[in-house]
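# Structural characterization, general
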Amino acid sequence: MKPDYNLIWVVVLMVLAQLTAFYLVKDLDWKWVIFWAYVFGSCISHSMTLAIHEISHNSAFGNSKAMWNRWFGIFANLPLGLPYSISFKRYHMDHHRYLGGDGIDVDIPTNFEGWFFCTRFRKFIWIVLQPLFYAIRPLCINPKPITRLEIINLLAQLSFDVVIYYLWGVKSIFYMLAGSILGLGLHPISGHFIAEHYMFLKGHETYSYYGPLNLLTFNVGYHNEHHDFPNIPGKSLPLVKKIAAEYYDNLPQYNSWIKVLYDFVMDDTISPYSRMKRQLKGEVKQD
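Values in this document were obtained by computation on a predicted structure and should not be read as measured data.

## Things to note about the overall build of the chain
- Scanning the chain from terminus to terminus reveals 14 helices and 2 strands.
- Taken over the C-alpha trace, the chain has a radius of gyration of 19 Å; the compact-globule value for 287 residues is 19 Å, and the two agree within 12%.
- For the chain, the C-alpha atoms occupy an extent of roughly 55 × 45 × 40 Å along the three principal directions.
- Burial analysis of the chain (287 residues in total) assigns 52% to the buried set.

## Here we look at the UniProt feature "domain: Fatty acid desaturase" (unreviewed entry) in the chain
- Those residues carrying the UniProt feature "domain: Fatty acid desaturase" (unreviewed entry) are residues 31-253 in this numbering.
- With 61% helix and 1% strand, the stretch residues 31-253 has end C-alpha atoms that lie 38 Å from each other.

## Side note on the UniProt feature "transmembrane region" (unreviewed entry) in the chain
- When the UniProt feature table is mapped onto this chain numbering, "transmembrane region" (unreviewed entry) sits at residues 6-25, 32-51 and 71-88.
- Between the end C-alpha atoms of residues 6-25 the distance is 29 Å, and the span holds 95% helix and 0% strand.
- Helix makes up 61% of residues 71-88 and strand 0%. Its end C-alpha atoms lie 14 Å apart.

## As for the nonpolar core
- Counting 37 residues, the largest nonpolar core has Val11, Met48, Trp126 and Ile194 as the members making the most contacts within it.
- Looking at this core, the elements with two or more residues in it are α1 (6-24), α2 (30-56), α3 (66-77), α6 (120-128), α10 (191-197) and α14 (257-266).
- Broken down by element, this core gets its largest block of residues, 6 residues, from α2.
- Excluding anything up to four places from it in sequence, Met48 contacts Val11, Met14, Val15, Ala76, Pro79 and Leu80.

## Here's the deal with the environment of Ala51
- Assignment of secondary structure puts Ala51 in helix α2.
- A relative accessible area of 0% means that Ala51 is categorised as buried.
- Here the alpha-carbon distance between Ala51 and Ser85, two residues 34 residues apart in the chain, equals 10.0 Å.
- When residues no more than four places from it in sequence are discounted, the contact partners of Ala51 are Leu7, Val11 and Phe218.

The rules behind the values
All residue numbers refer to position in the chain's written sequence, counted from 1. Local features in a predicted model are, by the rule used here, given only for residues with pLDDT of at least 70; side-chain atom pairs are given and counted only at 80 or more, and totals for whole chains, interfaces and linings are based on all residues. Only hydrogens and water are set aside; all other atoms, that is, all heavy atoms of the structure, feed into the side-chain values. A run of H or I in DSSP counts as a helix once it spans at least four residues, and a run of E counts as a strand once it spans at least two, with each numbered from the N terminus. We compute the radius of gyration over the C-alpha atoms and compare it with the globule rule, which gives 2.2 Å times the number of residues raised to the power 0.38. The buried label goes to any residue with under 20% of its type's maximum accessible area, the exposed label to any with over 50%, and the partly exposed label to all in between, with areas taken from a 1.4 Å probe on protein chains only. UniProt positions are given in the numbering used here, feature names are shortened, and annotations may be inferred rather than shown by experiment. By nonpolar core we mean a set of buried residues, namely Ala, Val, Leu, Ile, Met, Phe, Trp, Tyr and Cys, connected to one another through side-chain atoms within 4.5 Å. Residue contacts follow a heavy-atom distance rule, with two residues in contact if any of their heavy atoms lie within 4.5 Å.

Here it is in structure tokens:
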């Protein structure tokens, strides 16, 4: 349970990679802007959201420098185009403390999502629109008063977007926003959203994935391990599994996020309703 200082340099390199891409796409035909937004930009953007996930657990600078992590999260947020980091941290801590808590854990789909997206075609559309639902759901389930850091996150992001538009034009802005939206929607990496907590097997609420896409996602696939030890950086979660193999090896697990997406759409017994929901008792403390 110690900081992963390599995370800092990886995030800096990812930001530089996206800045380079913003410059390179500014004069391309629109078809190539869209192509590279999906093939390259979406991978970097989705990977950056999971770097922000790591930062939300103070993995970059450690718990003793919590505010350093918040400022670094705002920096990591910049190439995504939309303010995200500070709000994510507030809601994600609730997800860990009150997993499945009705009205608290905004990772749980709304009743409307479960009711409406119940056919194969509608579930496919739900996957495509996942970024929209993740953005709107907190406002419906558990709205929180806006904080000073969220305002700073918003102003920093808007300033960055204006600078990119002024320097390189609308194609760079489109590439940035399209990459973020496409990367969180119908994309192989997005399989982790469903793989983590949807009950393909009744009685098993959290699942791990041990495939190669962990290399792009800071080992978020080691999800049982992450929920057991949220203060251990993603880099070290394979070591957790190795040390405690008798606890993890025999649990249900995935080897393909693409297959998870396919099975979610095609399996008529699975829908956004396929989540464990709990009625919380006692005092609830939220960020």
